[in-house]
Amino acid sequence: MPIGRFAPSPTGRLHLGNLRTALVSWLAARTDGSELRLRFDDLDRSAVRTEHYGSQPDDLRALGLDWDGPPVRQSQRLARYREAVERLVATDLVYPCYCSRREIREAVQAPNRALAGHRYPGTCRELTAPERRARTASGRPPALRLRGDEAEVGFADLVVGDVAYPVDDFVIQRNDGTPAYHLVTVVDDADLGVELVVRADDLLDSTSRQLHVARLLDLPTADHAHVPLVLSPDGERLAKRHGSVTLDDRAVCGEDPANVLSFLAASLELCPPGEPVTPSDLIERFDLVRLPTKPLVLERSFLDCGDRPQKRYSETV
Ligand code: GLU
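Read on for an overview of the structure. The shown structure was predicted, so the numbers you read here are calculated from the model rather than taken from an experiment.

1. Structural notes on unusual backbone geometry
- The backbone of Asp-218 shows a phi angle near 60°, a positive value even though the residue is not glycine.
- In this structure, Asp-218 sits in the loop between helix H7 (206–217) and strand E10 (223–227).
- Its identity as a non-glycine residue notwithstanding, Glu-269 has a phi of 60°, on the positive side.
- Note that Glu-269 resides in the loop between helix H9 (257–267) and helix H10 (279–283).

See the structure below:
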């Protein structure tokens, strides 16, 4: 029975896209009677807002979703990540990278460079020892980058199907010493015994990098199910600025969490629009391989609350 997980970043209230992914994670686990873990991806300390360690679980509970065990915080697992970084460094596949984001962007955009498909242009890959010393002396601390060498790594996604992406050289430790996403997510999923990763499909191509890390660290890998994104009317990844996207916002539009759950379930083709449902009602209707594969594009009128009478949040609770 695969153990699942939901891994939000506690940087804001959960929005409809996050909540939809959480619902699918919950259903994928509970359909099998499996456990679901909650993990806070909270290593970006400047973006974390501590109140969301509380608001995010509250929002999940409001929808009727639960999880097993105490939530895990990545910020409390730094020693474990350090050990994983050291193991990768010992493989000789890791090099210091002094590039800024801007330098990488400019190098990739430079004309006449055969960089199709590359995201990291390889600037620091073959620096000599004196060149490294010169870069270090210039004051910018290096990030650590793991060689991917563009080998394609394929996997069978349970929603999207068979896919393969080239793995470029990617950062495993930022230049401020913080371990980077691809490394920590692999270590966590393995340590938590996660066997099914459900997440939004903007991370689909990240999976090839993560499988590469897992192989090098000799860690077990999970199955993957990438859920289509929820998009704004302009086709952007949903964000707070797009309108009424959180449970509090929807309450102002006159919708309670049960309405939101029904909306999300209908968007996943698990019930007709407007049917009152509980998460448990959806268990027997749910089949991961029959989820919609197209993004959910929200309408402007929905994000603006349409013609609904606008209630104050305080009147709805
Ligand atoms: N923390 C990421 C997010 O909120 C998800 C990472 C993952 O599921 O691997 O988008």
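Moving on, there is more to tell.
2. Section: the side chain of Asp-189
- Along the chain, Asp-189 turns up in helix H6 (residues 181–191).
- Asp-189 gets classed as buried once you look at its relative accessible area, which sits at 8%.

3. Overview of the sheet that holds strand E5 (residues 143–146)
- Reading across the sheet, the three strands line up as E4-E5-E8 and stay open at both edges, with antiparallel pairing between neighbours. The sheet is open, and its two edges are formed by strand E4 (94–97) and strand E8 (170–173), each paired on a single side. Strand-to-strand twist of the sheet, defined as the mean angle between neighbouring strand axes without regard to direction, takes the value 45°.
- When E4 meets E5, the two strands line up antiparallel, connected through four bridges. When the sheet's bridge partners are listed, Cys-97 is paired in E5 with Ala-143.

4. Structural notes on the nonpolar core
- Of all hydrophobic cores here, the largest spans 45 residues; its most connected members are Leu-23, Val-24, Leu-60, Leu-63, Phe-286, Leu-288 and Leu-298.
- Of all elements in the fold, only helix H1 (16–30), strand E2 (36–40), helix H2 (52–63), strand E9 (194–200), E10, H9 and helix H11 (300–303) reach the threshold of two or more residues within this core.
- Among the elements that make up this core, the one with the highest residue count is H1 (nine residues).
- Once residues lying within four places of it in the same chain are set aside, the contact partners of Leu-60 are Phe-6, Leu-14, Leu-19, Ala-22, Leu-38, Leu-65 and Trp-67.

Analysis parameters
- Note that residues are indexed from 1 along each chain, following the sequence as it is written.
- The predicted origin of the model limits local features to residues at a pLDDT of at least 70 and limits the giving and counting of side-chain atom pairs to 80 or more, whereas totals for whole chains, interfaces and linings rest on all residues.
- Side-chain measures here rest on the full set of heavy atoms in the structure, leaving out hydrogens and waters.
- A helix here means a DSSP run of H or I that spans at least four residues, while a strand means a run of E at least two residues long, and both kinds are numbered starting from the N terminus.
- Here the term buried applies to any residue with accessible area under 20% of the maximum for its type, exposed to any over 50%, and partly exposed to those in between, with areas from a 1.4 Å probe on protein chains only.
- A pair of strands counts as paired when DSSP detects no fewer than two bridges linking them.
- An axis is simply a line fitted to the C-alpha atoms; with a helix, the fit covers only the stretch in contact. Between two such axes, the angle follows the N-to-C directions and lies from 0 to 180 degrees.
- Definition used in this section: a nonpolar core is a set of buried Ala, Val, Leu, Ile, Met, Phe, Trp, Tyr and Cys residues joined via side-chain atoms within 4.5 Å.
- Residue contacts follow a heavy-atom distance rule, with two residues in contact if any of their heavy atoms lie within 4.5 Å.

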